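# Structure at a glance
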Amino acid sequence: MNWLTKVILANWNYLMGGLVLLMVFICGVQIGESRINREWSAEKIKAALVVAKQEQRVADIRQSQTQINQDISYDFEEKKKLLVGLRSAIRTGTVGVRLEPSHSLDALPVIPSVTDRAAAVASDAVSDPAGTASATGCEQLAIDAAQTTLMVLEFQRWHAKQTQQMSLETGSDP
């Protein structure tokens, strides 16, 4: 017999033990690698779900803000059309814009009277040599004031709706 065969036969217990250890090591590496790959895949899926939820939340917020903006703009345009028609009052719920003076006892007169103590002066005391200043009557000023008031009311309503929507969205998420 050959010297290699003698060594193998004399130490076969050690060689078989080493071979078994090598197989256990290879199996352990394979099992560990597959477990790490599964955990890594699960972590990537969780991260993708978080990103998808955030994107959906952003899309929902944009949609709700767009809807609120469209509703407010539509209401403003409708009320502005009513102002152009010079309706007596524009009212939505408890908020309203009155274009005609009230006729109660404590109401101011439509055209204020000039007192005797003050000298009557033109309302635009700055001189206009070139004649570039436009003549603005009381009616136009009243319409402008009503439109400005309407803008402020609609802005306040828009702000309240936006605040309410944000409080609902932050309150619903844990």
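Residues numbered from 1 in each chain as written. Predicted model: local features only at pLDDT ≥ 70, side-chain atom pairs only at ≥ 80, totals over all residues. Heavy atoms only, no water.

## A few points about a nonpolar patch on the surface
A cluster of nonpolar residues, W12, M16, L19, L22, M23, F25, I26 and V29, forms a patch on the protein surface that exposes about 820 Å² of accessible area. Looking at where L22 falls in the secondary structure, it is placed in helix α2 (residues 12-84). (Patch = residues over 30% accessible without salt bridge, like charges linked within 9 Å, V, L, I, M, F, W, Y side chains within 5 Å. Areas by Shrake-Rupley, 256 points an atom, 1.4 Å probe, with all protein chains shown as cover. Salt bridge = Lys/Arg side-chain N within 4 Å of Asp/Glu carboxyl O. Helix = DSSP H or I, 4+ residues; strand = E, 2+ residues; numbered from the N terminus.)

## What about the environment of K161?
Within the secondary structure, K161 sits in helix α3 (residues 138-172). Contacts of K161, omitting those with residues within four sequence positions, involve I68 and I72. (Contact = heavy atoms within 4.5 Å.)

## Examining the packing of aromatic side chains
Throughout the structure, instances matching the rule amount to one aromatic pair. Ring centres of F155 and W158 lie 5.6 Å apart, and the angle between their planes is 25°; on these two criteria the pair is classed as stacked. Note that F155 and W158 are positioned in helix α3 at a spacing of three residues, about one turn of the helix. (Phe/Tyr/Trp six-rings, centres within 6.5 Å; stacked < 30°, edge-to-face > 60°.)

## Quick word on the pattern of salt bridges
By the definition in use, this model includes three salt bridges. Between R157 and D75 there is a salt bridge, with the nearest N and O atoms lying 2.3 Å from each other. Here R157, found in helix α3, pairs with D75, found in helix α2; they are 82 residues apart in sequence, far enough to count as distant. A relative accessible area of 26% means that R157 is categorised as partly exposed. When its relative accessible area of 24% is taken as the criterion, D75 is described as partly exposed. With its nearest N and O atoms 3.1 Å apart, the salt bridge here joins R157 to E154. Here the residue R157 and the residue E154 both occupy positions in helix α3, the gap between them amounting to three residues, near one helical turn. According to the relative accessible area criterion, E154 is buried, its value standing at 4%. (Buried < 20%, exposed > 50% of the residue type's maximum accessible area, 1.4 Å probe, protein only.)

All quantities given are derived from atomic positions and should not be read as evidence of function.
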